[in-house]
Amino acid sequence: MLRISGIDKSYGDTQILKRCSIEVAPKETIVIIGPSGSGKSTLLRCVNLLETIDAGKILFEGRDVTRERRHEHLVRQQIGMVFQNFELFSHLSAVENIMLAPVTVLGMSRHDAHDLALGLLDKVRLRNRAEAFPDELSGGQQQRVAIARALAMKPKLMLYDEPTSALDPEMISEVLDVMTDLSAEGMTSVVVTHEMGFARRAADKIVFMDAGEVIVTASSEQFFSGV
Ligand code: ADP
Ligand code: ADP
């Protein structure tokens, strides 16, 4: 589904990513780990076209999305992204945050988008907070709304960039539980996280990055058995 092959990325004179390659098959969950500053977030941002790459290729469903701008809408619609800091629209309620893209991008009727959004709020266990605004929700609840918002575009791939690192400890598991359920249902996912419990539960493969390079790619069994 996603093939990242030999990508390089520099900011000015500093090379951040060095010949990084990762393959993600449909329904797989891949967890990327590694020290702070090793380039994990930059790598996700390259896949999502928030950054351009200097060399290499990124193929999404066989299409070279980094070379051909006409594929950009495909990435916007079919790759969902969840950030560390939720980034919900503060002037919109939870249900309105989720409805926005289906209405404005897909042209869905407000009625259908509302039904879709309520269904997704059910899925992230927040049906009773549909009318709440972001500042009335806990961090863990906001992040679950952000996940529902990404799901509203029916993405084929979900990218998560340290989705729980801005959360108080007691809220981390409610977000990881939702992500674990999605993975178990076959949502293809790439997750940057330090949460090794989640990695053990949900990951098919672990990618370890250091100083801009992919050092190890291992199956979850190999990784956790220490082979
Ligand atoms: P990680 O997600 O593994 O913590 P990042 O991808 O955020 O790593 O960052 C990798 C390196 O790239 C860091 O040294 C960071 O300071 C640098 N970096 C990230 N974004 C930029 C940018 N827009 N301009 C310059 N340097 C950046
Ligand atoms: P993350 O927690 O995802 O690793 P960072 O804190 O490294 O994020 O970066 C947050 C934002 O700041 C990103 O948009 C990144 O591109 C930018 N950034 C990070 N490091 C630098 C830098 N050295 N120079 C300019 N921008 C940077």
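Residues numbered from 1 in each chain as written. Chains lettered and ligands numbered in written order. Predicted model: local features only at pLDDT ≥ 70, side-chain atom pairs only at ≥ 80, totals over all residues. Heavy atoms only, no water.

The name an unreviewed UniProt entry assigns to the chain is Amino acid ABC transporter ATP-binding protein, from the organism Robbsia betulipollinis. On record in UniProt, under Sequence similarities (unreviewed entry), the comment for the chain is "Belongs to the ABC transporter superfamily." If you open the UniProt record of the chain and go to Subcellular location (unreviewed entry), you find "Cell membrane". (UniProt positions renumbered as here; feature names shortened; annotations may be inferred.)

**A look at the nonpolar core**
Counting 44 residues, the largest nonpolar core has Leu-121 and Ile-147 as the members making the most contacts within it. Counting residues per element, the ones that place at least two in this core are strand 3 (29-33), helix 3 (94-104), helix 4 (110-123), helix 5 (139-151), strand 7 (157-161), helix 6 (169-184) and helix 7 (196-202). Every residue in contact with Leu-121, bar those within four places of it in the chain, is listed here: Ala-94, Val-95, Ile-98, Leu-126, Arg-127, Ala-130 and Val-145. Listed in part, the 28 residues of the second largest apolar core include Ile-7, Ile-30, Ile-32 and Ile-58. (Core = buried A, V, L, I, M, F, W, Y, C linked by side-chain atoms within 4.5 Å. Buried < 20%, exposed > 50% of the residue type's maximum accessible area, 1.4 Å probe, protein only. Helix = DSSP H or I, 4+ residues; strand = E, 2+ residues; numbered from the N terminus. Contact = heavy atoms within 4.5 Å.)

**Points about the site of ligand 1**
As a structural note, the neighbourhood of ligand 1 is formed by Tyr-11, Ile-16, Pro-35, Ser-36, Gly-37, Ser-38, Gly-39, Lys-40, Ser-41 and Thr-42. Taking Ser-38, its main chain carries an N or O atom lying 3.1 Å from an oxygen atom of ligand 1. One of the side-chain nitrogen or oxygen atoms of Lys-40 is found 2.7 Å away from an oxygen atom of ligand 1. Considering ligand 1 on its own, with 560 Å² of exposed area, one finds that the protein chains cover 57% of that surface. Of the residues assigned to the shell around ligand 1, the class counts are 3 nonpolar, 6 polar and 1 charged. (Near = heavy atom within 4 Å. Polar contact = N/O pair within 3.5 Å; in protein donor to acceptor, adjacent residues only side chain to side chain. Areas by Shrake-Rupley, 256 points an atom, 1.4 Å probe, with all protein chains shown as cover. Nonpolar A, V, L, I, M, F, W, Y, C, P; charged D, E, K, R; others polar.)

**Focus on the state of the cysteines**
One pass over the full model with this rule turns up 0 disulfides. The thiol of Cys-46 is not disulfide-bonded; the next cysteine sulfur, from Cys-20, is found 8.7 Å away. Judged by relative accessible area, Cys-46 falls into the buried class, the value being 0%. (Disulfide = S-S within 2.5 Å.)

**So, the environment of Ala-132**
With respect to the helices and strands, Ala-132 occurs in the loop between helix 4 and helix 5. For the pair Ala-132 and Ala-94, spaced 38 residues apart in sequence, the C-alpha separation works out to 5.8 Å. In this structure, Ala-132 is in contact with Ser-93, Ala-94 and Leu-137, ignoring residues within four places of it in sequence.

**Some words on helix 6**
Spanning 16 residues, helix 6 covers 23 Å between terminal C-alpha atoms, matching the ideal 22 Å at 1.5 Å per step. Among all positions of helix 6, only Met-171, Ile-172, Val-175, Leu-176, Val-178, Met-179, Thr-180, Leu-182 and Ser-183 are buried. Buried positions along helix 6 lie against strand 3, helix 4, helix 5, strand 7, strand 8 (188-192) and helix 7. Trailing helix 6 by a residue or two, Gly-186 shows a phi angle of about 100°, which is positive. (Expected span 1.5 Å × (residues − 1).)

**Points about the sheet that holds strand 9 (residues 205-210)**
Within the open sheet, the 6 strands sit side by side as 6-7-8-3-9-10. Their pairing is mixed. Edge positions in the sheet fall to strand 6 (79-82) and strand 10 (213-219), since each has one partner strand and no second. Taken pair by pair, the neighbouring strands of this sheet meet at an average axis angle of 15°, ignoring direction. Inspection of the sheet shows strand 7 paired to strand 8 by 5 bridges, in the parallel sense. In the strand pairing of strand 8, Leu-157 is matched with Thr-188. Sheet strands touched by helix 1 (residues 40-47): strand 3, strand 6, strand 7, strand 8 and strand 9. Its angle to strand 7, the strand with the most contacts, is close to 150°. (Pairing = 2+ DSSP bridges. Axes fitted to C-alpha atoms, helices over the stretch in contact; angles between N-to-C directions.)

**Some details on the sheet that holds strand 5 (residues 63-64)**
An order of 2-1-4-5 is seen for the 4 strands of this open sheet, with the pairing classed as antiparallel. Each edge of the open sheet is held by one strand with a lone partner, namely strand 2 (14-24) and strand 5. With 5 bridges connecting them, strand 1 (residues 2-11) and strand 4 (residues 55-60) associate as antiparallel partners. Within the sheet, the bridge partner assigned to Ile-4 lies in strand 4 and is Ile-58. In the packing of helix 1 onto the sheet, the strands contacted are strand 1, strand 2 and strand 4, and the crossing angle to strand 1 comes to about 115°.

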